[in-house]
Each structure stands twice: as structure tokens, then as C-alpha cells.
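Spelled out from the first residue to the last, the chains are:
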Amino acid sequence: MIQGRTGHRNGLWALLLIFLSLQACVEPFELKTGTEKRSLVVSGMVTDQNLPELNKVTLTWTEPFDGEKRQVLNEPVLGATVLLQDNQGNSMSLTEGARGVYTLLESDFEVQPRRTYTLHIRLPDGREYASRPELLRPVPGIRDIKYEFKEFVDVVRSSAGVLVERKSVGFEVKAQAQDPAERGNYYRWDTEGVFEFFSDVGDTPLPSQCWSHVGSINTKVVVSDDRLVNGRLFEQHVVVVPADIPTKYRIKIRQYSLTAEAYEFWRLLSQQQSSVGSIFDPPAARITGNVYSLTDPEEQVTGYFSVSALNDSFLVINRSQYAPFPGLPYELPKGNCLILGLYPNVTNEKPLGF
Amino acid sequence: MLLLLLLPGKGWAQNADQRPITANYQNRPLQEVLRELQQQHSIRIFYLPEWVEPVRVTQNFNQTPFATALRQLLEKAQLSFVFYDAQTVVLVPLSAASVFQPDTALAAAAAGIATPDRTVTLSGHVRSAKTGEPFVGATVLLEELKKGTVADEKGYYTLTAPAGEYTLRVRAVGMTEDKRRVRLQQSRTMDVELFEVSNQLREVAVSAKAPDHNVESLEMGVARLNIAEVRKMPAFLGEVDVIRSVLMLPGVTTVGEGASGFNVRGGSIDQNLVLQDQAPLFSSSHLFGFFSVFNPDMVRDVTLYRGGIPARYGGRISSVLDVELKEGNKKAPIVSGGIGLLSSRLMVEGPIVKDKASFVLGGRGAYPGLALRYMPDKSVRDSDGYFYDVNAKVSYVLSEKDQLTASGYLSRDGFRFGADTTYTWGTATGTVRWNHTFSNKLLSTVTAVAGDYDYGVSAETKPSDYTLDSEIKYKMLQADFSYEPSVQHKINLGASSAWHNFNPGVLRPSSEQSSLLPISMARERSLETAVYLDHAYTFSPRVSVAYGLRYSSYFNLGPGEVYLYNPEVPRRESTIIDTLRYANGKVIQQYNYLEPRASLRVSLGQNSSLKLGYNRMVQYIHLISNTTAASPVDIWKTSNAYLKPQVGDQLALGFFKNMQDNTVELSAEAYYKKLHNLVEYKDGAQLLLNSTLDADLLPGDGKAYGLELMLRRSGKRLTGWASYTYSRSLRRVDGPTAEEKINNGDYFPANFDKPHDLTLVLNQQLSRLISLAANFTYSTGRPITYPESVAVIDGLLMVNYSDRNQHRIPDYHRLDLALTIDGTNKRNANWVSSWVFSVYNVYGRQNPYSVFFKASYGGTVPQAYRLSVVGSAVPAITYNFKLTK
């Protein structure tokens, strides 16, 4: 897509450097910068579906940029009051859970399409924040999900900092949707992965077929607008499902509607993620969200609260058809698959689709 | 006043003209030979002893007619002769022979008439004896008066002096100096032909200008580079590069290696008017900015005006880079070329009609694809790249007073990334120029240019396959007159008009299956006209002034649509309240500007002067690029109702001093610039295929100031320069709302703001055939935006940035070396060749190009990275040759 143009150009540039044998190099270095003054981070959304695992807002504090610490422990905001209001005067309260997550419980859910929603936050110290109103826009359904088994070649920087080619295989998953006739539709996608795996239990009756729910497998923001595809059936590359073990993989794709402002926020975050410091990178941009302070207009607030309609669909990839995969030969682990500890969120209850 | 001393020989009254000569002279002094002839042939020969003293002759005559023999004998001494009568021969300098009538010559010779004290003018052309090409910037000097001038772009010079006899010295880079006695009794013309010095390939001279030109002229902020000098500089991958050489001049910077264009005195890259044979170029880069588009074989000389821009130039606010291409050899055909690691060159030139018309055809092709094929990886093997450029020029001397030149240029770049995405861009230009001399006081030039720059991307990635094409077409017509009524006054005037047609982008799905919609951005058309006049006036030898005015009118023409935005709120697509439609040819928006220019020179004694200059420039077309470095496929936009013309005002003060017989030049120039209506961008602006692009652009102001110190040495063995520049370039965007401000409306450093810059360019002649060149450059790291904090959004790390450009990447420094070995230094060798070995970035410094911040470990841990484009020393080897028939 054209959005990928900058990315392409960056790759192109890396390639130019390779054939010019310039030994261009990228070195990581430790940098500590920024202010200790922390500001509020609001991240979350409410959808038109009554799904508490999606309808939630996480409140945390920013951290200074610290390349030495090797981890980000964004401190959660505890004890805040979080309210969701629509433009008809209805209000829903979000319930605080663990680590600064405030959830819209199933029993409180009253979200209606085509209404405008505003988030209100009050911290225990009395500071108040609000989001700019967000309209719940409809989203078309996912027509189809396709995948393609392919080899990926990336120009990456090795640990020595030299540009090298890295090959890998995977299943490129694309969603297909029909954009409505009117202009100004914005989309975001995320994913949820579940895969089966087996263990060698010998003759014991221990469970040997399990499933791991890995949650979102996106490492990058996936958004798009209909500027170039208005009214058409279009395809969006969403994620690459890893080809590591020859078992079935269920990939669920969720397609959300966005407002123009929300799209802009996610687009800039996506742009930040694809930065490689090349000459074709746009300069670092400030990404402004839609949450502001009611008590101090100068106070910076990071993040976005969005309201989205949601449609999802899934696909099961039988990866064994494409095996063997490059790398070490696949060997069944030994023991009870529920307690192997190899994968997260393991269950032996067969999920839908397997 | 008459200094001609006559040495009559004894002789008999016989008719010498009829007598054949039989003699064999082996390396005999000419004076001795002449004496012998006088005795043998009973004639008297009159001449000045110093004309013949150093000359030795080797000739063999067998019954050769006297006149022929004498002509051959005198040829080497550049003398001719006149038969005054049957027994009397008067020798005259060759150059004067045409105007010396025998009687006046002899009368003067015999009688020694003193000349009354009156002023006369000497004028003429300086040309290459071998190629007939004019020498721009050749120095013409009357030694006794220490008065000199510089030949103009047609090689024409004019000098005024009291009548008398002088030593005229004519010098040009790479040429043997011509030194001759000139008798100036009345105004006259004298054309001078210069011969190449024997070791022309190695000849190093800093500049083609008068030795005291920098002190004596009104020019400021002007740098000339001769191509011979550019060739000597160590080249990146062995590719001699005009723009890389320009980067070594004070006041010129770049954001980094591989970035296209250059920044002059705090200006953006689109603020440079890059002219190749008067045709403006929209992209001066090959291979995304690694190399420049000028074929070094074709270039005659390069002039960079970074201040004191003559009124004849307009349309860009920071600088003018005027690259003049050579004319073909008018005497003999020559083939020359070179073979390098990345590209090869071949050039053919020669006469069409001897001494009247010539042609030159030069081409260059690069073969990066060849190297790609040996890469082990498939996707790299699938990639392919190329670039080529072709220059052609024909010049024709129609008459003594008219010269016609036509030149054409074609270049093309392509790069296919993997198997699916291809970037292409190319330029085609054509220039026709007609020079007419009305008299030696009034000259005119009419120039017509047509050009086309097209660029695009195509992708074959289904189902989003597309081609995206953009194009700029332009036509220009310009007439310039130069009138010099007396030596104190020089007037230039002219008019120009330029028509531009921009196609900002047409997106076409490239197959039926493509899910993309065809999109066609509205074309933009504009007409730019200008008239100018400038007058240089020398009050006295101590004080001279020049002042000029350019008046430009700009019309943005229909058909077109203009969106009206709600004036109360920041412009956005959603704030459009109305659309105005304009018919074909209707004026959508008009701008008129007066662009005054002025300069003053005050001499501070023999070899130094102080100069003051001011100029205003206006720019109507803009490069729209918010990346650190522009790419050749970025769009250009013409001014409209929202995008106002950029305006630049510059005030400069300079001190110039020459020492050691003008071989050491010292200059200090300080400048202050104000820039208005610069193009800046909202954070995250979308520039491509955006029909409401005006809403994403912000008008900015800028200021730039600096001090440039330069020491230049021209000599026999060691030449070069050292310069130090302190400069700042700041920008400010202060709109009415927060969205229309950058850094709260405060000044912030521009991307290319590099306060300290030190450059050394040296060339040492080690022996007659070997020379060593070294470049060293140091500059402050460019500004960059640092992160302030990190946040986690939906499980992904997000970096919050601080105010724009408040930090800097580490300093930049680099040393390059080049060793040139010539195959021969024989004067008339038919085959001349040289090898150039160069190393770029000798000590392998990993100069950071950028510092960037990216989450690592699946987007969860913040990490800072430094990117160096050239991380090691880059050696290269090039072979050059020249074959003369």
C-alpha cells in the first residue's frame, strides 16, 4: 500500500547501502533522557460489543526514556474514578481491577451505535481529565481472511551492527473487507492467536493435546483509511503467524472502526514504530491524543481513548501441511501438556474451530 | 613613449622577397639566424631584441621562398613581418600584425612618435588555441598599470588605459600564460589564444579569476570552482562530483551522507537554483543523493553565488549554482573518458566546421545492477538499479558578432527494490542561446530553455499494485543585455519569463485486480515573469557601487479549484466551507515583488577591500518534503492562495585581503538573513496524494547568520584552502493555535543547523606526474529531537518527543585522500591518461548520520540507536584518458 511507501523507501535505502558496500552500521547505545515529571497515560477503548476483555481503559504514568534499565515498568494509576458518558446524558462507570485497568463490566454496558462518548477520569488527588467526544461509527464486516505461506527476507542489523539479510518463514494473514461507498472510513485491526500443541505422555492418561491462548500477536499497529480504496473491496495485511511448530493455529482478526482523529493517532504511532533513522524518515513527531486535563490546561496527557464498532472473524491454519520448517527438527515435549510451561495460558478444553 | 628599438642590419639593395633560402638551422638562437639572413640576403630586418632573445629555432629549408621560410622561423616567437620595401623587413608581434599597417609601424619605429596622453580601450576574446573555446574568467592584466579584468562568459574582455605601450598578461587555469607587449595608440581589439600547459591533467589552480579579483570586484559570497580543481579532490567511490566539491565551500552544509541537495547559508535545499547551461534542474542527484547529476567531463566551470546574487538570477532565495558546460573543440576531434567502480564516461568532441562550429557529446552510465547480481541474497539479486546521463552541445560562430549554442541533457535513474517496487526519475532539458555583439560596449544574450522532470513509483504487490507518476514541465525565455559605456559604468538589464506546469501525482491501479482507486491530483500551472536592471559604477579606484532591481510577477493560473477554509479554526479537510473554481487561463492568485540588490566596495589600500551587500530574493515554487533529507520523488508545489512565495533578505559584510603577490587570499564574510513564508509541516503531515495539502502546511519564518573565514592559496605546488564557518539557522512557526505552532512558536534550529564547520582542501604536487590531494572536514552534529518519556499504549511502547531539534547528534569529521598519477606530461601527446586512487573517510570514522529511538524486544523496551551511513574507509580507483587526433 502507499502507506508502506516510507517503509519501502527505508528498506530501499538500506539496500543501496549494501550494494555500495558502505558498511553502514547501526549501533544501539545507552541513553537516559527526558523528564522525571511524569504525566498520565490513557490507553483503552470501548466497543459496541459487550466484551469486558475489550471494553477497558488502562491508566499509567509515563517514564523517562531510559535505555539502560531494559524494561518499562509504567506505574499504574490506582484509585481513580472513571466514568463513560454519552451525548444523551447516560453514564456508565468503569470498575477498577488490577494494575490500573478499569473495566466496563458486562452489567454496566449500555453502549449504542452512532452515539458520542466521553471518558471522565478523576484521580485520588482531585485532578480531573476528560477525553474529547468520540463517535461510535459503524464498521463493515470482514469478508474473508486469507493467508499465504511465504519466506520473508528482511534487511536487518546484526548484533555487530552490520546490515544483513535475515530469512524466515511464516503465514502472512490478510483481511478482506468491503469499504462503504462514502468517504472517510478508518480501520484498525488486531489479533488473537490460539494454537494447539501436543506432548508425549507415553501410555499415561495425562492430557497430551493442549491449546495455548497467546492473545494479541501484533507487534505493530495496523491501521488504514479508505483514501485510496474508497468503496472497494480491499485487502489489509494484518499479521504474520509464526511457522514454528507443525500444528493448527487459529488466528482471530478483529476489525474496528475509528474516527479520523483516532486514526491519526494510530497512524503516527505506526510511523514511529517503522522509523529506522534513515534519510527518508519523517522527523520525530509529537503524537497528541484526545485526553486533556480539566484542572490544568497546560498539563500533558498521553494516549487515546477510542470508541469503535467491532467485527471479527477467524481462520484456522493447518501448519502441518507446510512443515517441516527451517530450524531445529520438531520433537514432542514430554509430559503433561498442561504443565509443561512452554507456552502461556494453556488449556485442554478444545476451543472453537479446532 | 615609443620604446621600439631598431636594430638595422647591413644589406644590399636586392629584392629579398624573390630569393629562395636553403639552410639548416639546428637549435639556433633566432637573433643569430636573423643576423645571418640579413647578411646573406642583403636586407635589413627591424625588430625588438626582447622579442627574439629567448627563442631558438630548428628548421630545414631547401629552396624555400623567403617569405615562407621567414614565417616559419618567426612562428615560434609569435611574430609576423611586413615588407616595408624591397630591402626592409619589419617584424611585428603576431597579435598586432592585423592592425599594424606597414607605414604606421615603420613610421612609429623610425620616428619614435610620443603618444599624447589619452584614454584608449583594448578589448577582445580569450580562447583556447587548441579548442577555440572561450575562457571564462581568464585574467587579463596590464602589468605596468597593475590593472586587470576578467574575461566574461564569452571569453570577452575589455580594458581602458592611457595610450601607451604595456605588457599584457593573459592567464587562465591550465593554460600557459601569454605575455606580450601591446602598443595602445588607439582603441583596438586583440584576441588572445592560450595553449594548454604540458601537464594539463595535473594542473591545479584554485580559481579562474583575476589574481586580485576577490579584492577588486564588487562580488561577495561568490565561489568559482574550475573543473580541473574539482577533479583533484578526493572523490567518493571515485566519482568526481560537483556538488560534493561545493560542499567543501564555506557556508554550504548538508544533513548527511547520501542526502540529496545542499544547504547554503541556512537555506533549505529547494532554495538553491541549480542551473546546467541555464536550464534549472529540479533534482541534482543520482542514486538517491549519493552522486550528483553533472558529468564531470562536460563541465567547464561551476559558480556558486551564496550572496551578492546578480539581479539576472531569481526564483530561489538562498543561492545559485551555475554550472556551465564546455563547448566542443573547434580545432581537432578528441575522445576522452574514464572507467570507475560505479560508472564509466565517454565523451567525443570536435569541429563540425573548423574554427566555426563544434560539437560535444558526453555520456555516463552506472552499473550498480552489476554488483547486485553478485550478492548472495535473492531479493538483492532481484533488485536492479541504473542511472545514465547524456549531454550534447553544439556551438556555431555565425559571424564575428553572433554565436549560437544549443545544448541538451537527458538523465534517467531507476531503482527496483526486490521484485516489486520501482522508483524512477529523469530530467530532460534543452537550451538554445544566441549571443550577439552589437559593439564592444553592448552585448546581448537570448536564452530559451525547455525542460521536463518526471518521477514516479510503481509497485507490483498485488492486490495493491499501482503506478504513481508526477511531472514538472517548464519553458523559459530570457534576454540579457550588457552595456558598458565607459570603464566606470557597467549596466546589465534583461527580462525573463518562465512557465511551469506541475503534475503533483497520478495514481493508477496497474491491473484490473488492484483494489486501489485511480486518483489524479489537480495540475498546477504558473507563470513567472521578471525584468531587471543593475548598474555598477566605479566612482574612483577606491570606491565602487552596484545597485539593481528585479521586479517579478507571478501568476497561478487556472484551471483549478481553491478550497475556502473556515478562517476561525486551523485548516483541515473538515473545515472547508466552499470551493472556488477557476477556468482555464484565469488567474487564481497573483503576487508581485520588488527584489532590490546593492553592493558597495571600499578599497583599503593596495591589496584589501571592504564590501557591503544586500539582496532580496523571492521564490514561487517549493519542494514539499518533511523528511530529514528530500528524496528525488518528493513533490514540488507552486505558490497559491495559501502557499505564499518565500522571501529571503540577506545583508552581508566582507573583508578581503590578498597577500604575497595575490597568491594568498584572505576573506572574512559575515551575513544576516531573514526568511519569510518558509514551508513547514504540521506534525505527521501527509504529503502524498493529499488534495488538501495546504491544510497540512504551515508558514514559517527563519533567520540565519554566520561568519565565514577563508584562506586560499594558489601557487605552483601547494594549493587549496582552509575555511572556518560559524553559522546558525533558525526557524519559527508561530500560528494562532497550538496546532499551527512548533515548539510553542519559539525559534528552533533547522535540520541542517551546524554551528561550527572547518574545512581543509589541499593539493600538493609531489612530482611532475604525481599529486596528492586531501580534504578534511569537521562540523557540529546536526540537531535532533530527543524523547522525553515513554508510555505503553495497548501493550506497545510509545515514545513522547520533546520540543523539536533541541539536541544534537555527535560531531562529524572525516579525512579523504587522493593520489593522481599521470601517464605523460608531454605537451602535444595524443594519448593522455591518468590513474586516480582515492580513499574516502580514511580513518574509518563512523560518523552518525542520525540518532533514533525505537522499541526493541517486540516493542516493549526503549532503545536508542546511532546510524552511520559510511562506517568505514571507502577506497576507489578510476582511470581517465584523453585521445586527441
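What you see is a predicted model; the values in this text were computed from it and never measured.

Participant: Go over the overall build of chain A, please, and point to the residues and values.
Facilitator: Scanning chain A from N- to C-terminus turns up 2 helices and 22 strands. Expressed as a percentage of the 354 residues in chain A, the buried residues total 40%. For chain A, the proportion of contacts with a sequence separation of at least 24, taken over those separated by at least 6, is 73%.

Participant: Tell me about helix α2 (residues 260–273) of chain A, residues and numbers included.
Facilitator: Taking 1.5 Å of rise per residue, the 14 residues of α2 of chain A would be expected to cover 20 Å, and the 20 Å separating its terminal C-alpha atoms lies within 8% of that figure. Looking only at α2 of chain A, the buried set comprises A262, Y263, E264, F265, W266, R267, L268, L269 and Q272 of chain A.

Participant: Report on the sheet that holds strand β22 (residues 319–325) of chain B, specifying residues and quantitative values.
Facilitator: In sheet architecture, strand pairing relies on hydrogen bonds along the backbone and comes in two forms, parallel and antiparallel. Residue and element names in this part refer to chain B. As summarised here, the arrangement of the 5 strands in space is β14-β21-β22-β17-β18, forming an open sheet in which the pairing is mixed. Only two strands of the sheet have a single neighbouring strand rather than two, namely β14 (222–226) and β18 (279–280). Across 5 bridges, strand β17 (residues 272–276) lies against β22 in parallel orientation. When the bridges of β22 are listed, L275 appears paired with D322.

Participant: Lay out the nonpolar core in plain terms, naming residues and giving numbers.
Facilitator: If you look at the biggest cluster of nonpolar residues, it comprises 194 residues, and the most contacted ones within it are V246, V302 and M798 of chain B. Non-local contacts of M798 of chain B, meaning those with residues more than four positions away in its chain, are made with L269, Q272 and I287 of chain A together with V790, A791 and I793 of chain B. The next biggest cluster of nonpolar side chains, apart from the first, holds 24 residues, and it includes L30, V33, A77 and L79 of chain B.

Participant: Quick one: what's the story with the sheet that holds strand β50 (residues 796–801) of chain B, residue by residue and with numbers?
Facilitator: The 4 strands are arranged β2(A)-β5(A)-β49(B)-β50(B) in an open sheet whose pairing can be described as antiparallel. Strand pairing shows two members of the sheet lacking a second neighbour, β2 (32–33) of chain A together with β50 of chain B, which therefore form its edges. Inspection of the sheet shows β2 of chain A paired to strand β5 (residues 63–66) of chain A by 2 bridges, in the antiparallel sense. If you follow K32 of chain A over to β5 of chain A, its bridge partner there is D66 of chain A.

Participant: An account of helix α3 (residues 66–75) of chain B is requested, with residue identities and associated values reported.
Facilitator: Here α3 of chain B has its buried residues at F66, A69, L70, L73 and L74 of chain B. Summarising the axial view, the buried residues of α3 of chain B lie within an arc of 125°, below the 170-degree limit, and thus occupy one face.

Participant: A description of unusual backbone geometry should follow, citing residues and the corresponding values.
Facilitator: With an omega dihedral of 5°, the bond running from G558 of chain B to P559 of chain B counts as a cis peptide bond. Secondary-structure assignment places P559 of chain B in the loop between β34 (543–557) and β35 (560–565). Positive phi, normally seen in glycine, also occurs at R114 of chain A, with a value near 60°. If you trace the backbone, R114 of chain A turns up in the loop between β8 (101–103) and β9 (116–122). Accessibility expressed as a C-beta count within 10 Å gives 11 for R114 of chain A, which makes it exposed. The phi torsion at D794 of chain B lies on the positive side, around 50°, for a residue other than glycine. Inspection of the secondary structure assignment puts D794 of chain B in the loop between β49 (787–793) and β50. You can call D794 of chain B partly exposed: it has 19 C-beta atoms within 10 Å.

Participant: With reference to specific residues and values, describe the domain arrangement of chain B.
Facilitator: The domains assigned to chain B are domain 1 (16–111) and domain 2 (319–884). Here the C-alpha centre of domain 2 of chain B lies 57 Å away from the C-alpha centre of domain 1 of chain B.

Participant: How would you sum up the environment of I588 of chain B? Please name residues and give values.
Facilitator: Residue and element names in this part refer to chain B. With respect to the helices and strands, the residue I588 is situated in strand β37 (residues 587–603). Of the residues examined, I588 has 21 C-beta atoms within 10 Å and is grouped as buried. C-alpha of I588 to C-alpha of S486: the two residues are 102 residues apart in sequence and 46 Å apart in space. With sequence-adjacent residues up to four places away left out, I588 is seen in contact with N556, L557, G558, G560, V562, Y582, N640 and A641.

Cut-offs and rules
- Counting of residues starts from 1 at the beginning of each chain's written sequence and follows it residue by residue.
- Key to labels: chains lettered from A, ligands numbered from 1, both in the order written.
- For a predicted model such as this one, the threshold for reporting local features is a pLDDT of at least 70, and the threshold for listing and counting side-chain atom pairs is 80 or more; totals across whole chains, interfaces and linings nevertheless cover every residue.
- Secondary structure elements follow DSSP: runs of H or I of four or more residues count as helices, runs of E of two or more count as strands, with numbering from the N terminus.
- Exposure in this text rests on C-beta crowding, where 20 or more other C-beta atoms within 10 Å of a residue's own make it buried, 12 or fewer make it exposed, and counts in between make it partly exposed. The C-beta atoms are placed from the backbone.
- By the convention adopted here, residues make contact when the C-beta atoms placed from their backbones lie within 7 Å.
- The span you would expect from a helix comes to 1.5 Å times its residue count less one.
- Strands are labelled as partners when DSSP assigns at least two bridges between them.
- Residues enter a nonpolar core if they are buried, belong to Ala, Val, Leu, Ile, Met, Phe, Trp, Tyr or Cys, and are joined to the set through C-beta atoms within 7 Å.
- Directions pointing from the helix axis toward each C-beta atom define the arc.
- Boundaries between domains were set according to an automatic or database domain assignment.

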